[in-house]
Amino acid sequence: MYGPQSLTWEIWREPALLLAGVPAVLMQVAHPAIGTGVGRLSNFKQDIVGRARRTFTSLYQLVFGDLTEAQKASRRLHLIHRRVRGPIEGGASNGQVYRANQQELLSWVGGTVAMFGVDVFQRLVRPLSTQEKERWYQELLIASASTGIRPDRMPTSYADYHAWFQQTLEGPTLELTPIAREVADALFNSALTHGPID
């Protein structure tokens, strides 16, 4: 979907971007529906290293794979998410039914990966100009569509995307529910993070 001239390749080929995984997961599970799905219907707590490996493998297949590999990764993600549903545990939406393929949830997961990834790149590799951020965002629209996010649900510009992300971070949607704490505890007490991050 991309190529060696893309900003997407330049950004995601940096090993430092693995550091974006920790804040991305923490902000993902702060959404009560996502926290419920991760905490109750995945093996995240039992196999955090394997889960991280599978997540990054899918990401890299979408970004660096040929079209066939990217399409397979896209279909696999959709099929996995299609099975993840149930009542939300905790927060203002407690008891409401969620589905992992809902646009709001896909957008928030994608947003955390994208925005924390770009933030790590700019902090540890190099800053991006305003024009580069816009170019990167237009490339991001392709990956977003491949993960199931409808183009009409995405902002039209980087500035609008950044504003949406900040509003979500600061708004009422995210809550530190008991299940989010469980996932965070597992993350910070795993073989992957205990010591270097602790």
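Caption draft 1: Structural context of the packing of aromatic side chains. The final tally for this structure, using the stated rule, is ten aromatic pairs. When the centroid spacing of 5.4 Å and the interplanar angle of 45° are considered together, the rings of W9 and F64 count as tilted. Here W9, found in helix 1 (residues 7-12), pairs with F64, found in helix 4 (residues 48-64); they are 55 residues apart in sequence, far enough to count as distant. In this structure F64 comes out as partly exposed when scored by relative accessible area, which is 29%. Their ring planes at 40° and their centres at 5.9 Å tell us that Y60 and F64 sit as a pair that is tilted. Placement of the pair is Y60 and F64 together in helix 4, with a separation of four residues, close to one helical turn. Among the aromatic residues, those joined into a ring-pair cluster are W108, F116, Y137, Y161, W164 and F165.

Caption draft 2: Spotlight on helix 5 (residues 67-82). Across its 16 residues, helix 5 extends 22 Å between first and last C-alpha, which sits within 8% of the 22 Å expected from 1.5 Å per residue. The set of residues buried in helix 5 consists of A70, A73 and S74. The arc that holds the buried residues of helix 5, viewed along the axis, is 100°, so those residues lie on one side. Buried positions along helix 5 lie against helix 4 and helix 7 (130-146).

Caption draft 3: Spotlight on the pattern of salt bridges. This model, assessed by the stated rule, comprises seven salt bridges. A salt bridge links D119 to R123; its shortest N-O distance comes to 2.8 Å. With D119 and R123 both in helix 6 (residues 103-124) and four residues apart, this pair spans about one turn of that helix. Under the relative-accessibility criterion, D119 is labelled partly exposed at 29%. Take R123: its relative accessible area is 65%, and that puts it in the exposed class. The salt bridge involving R135 is made with E139; its shortest N-O contact spans 3.7 Å. In this pair, R135 and E139 are both assigned in helix 7, four residues apart and thus about one turn of the helix distant. Overall, the relative accessible area of 12% leaves E139 in the buried class. Ionic contacts of the salt-bridge type, sharing partners, join the residues E10, R126 and E132 into one network.

Parameters and conventions
Residues numbered from 1 in each chain as written. Predicted model: local features only at pLDDT ≥ 70, side-chain atom pairs only at ≥ 80, totals over all residues. Heavy atoms only, no water. Phe/Tyr/Trp six-rings, centres within 6.5 Å; stacked < 30°, edge-to-face > 60°. Helix = DSSP H or I, 4+ residues; strand = E, 2+ residues; numbered from the N terminus. Buried < 20%, exposed > 50% of the residue type's maximum accessible area, 1.4 Å probe, protein only. Expected span 1.5 Å × (residues − 1). Arc of directions from axis to C-beta. Contact = heavy atoms within 4.5 Å. Salt bridge = Lys/Arg side-chain N within 4 Å of Asp/Glu carboxyl O.

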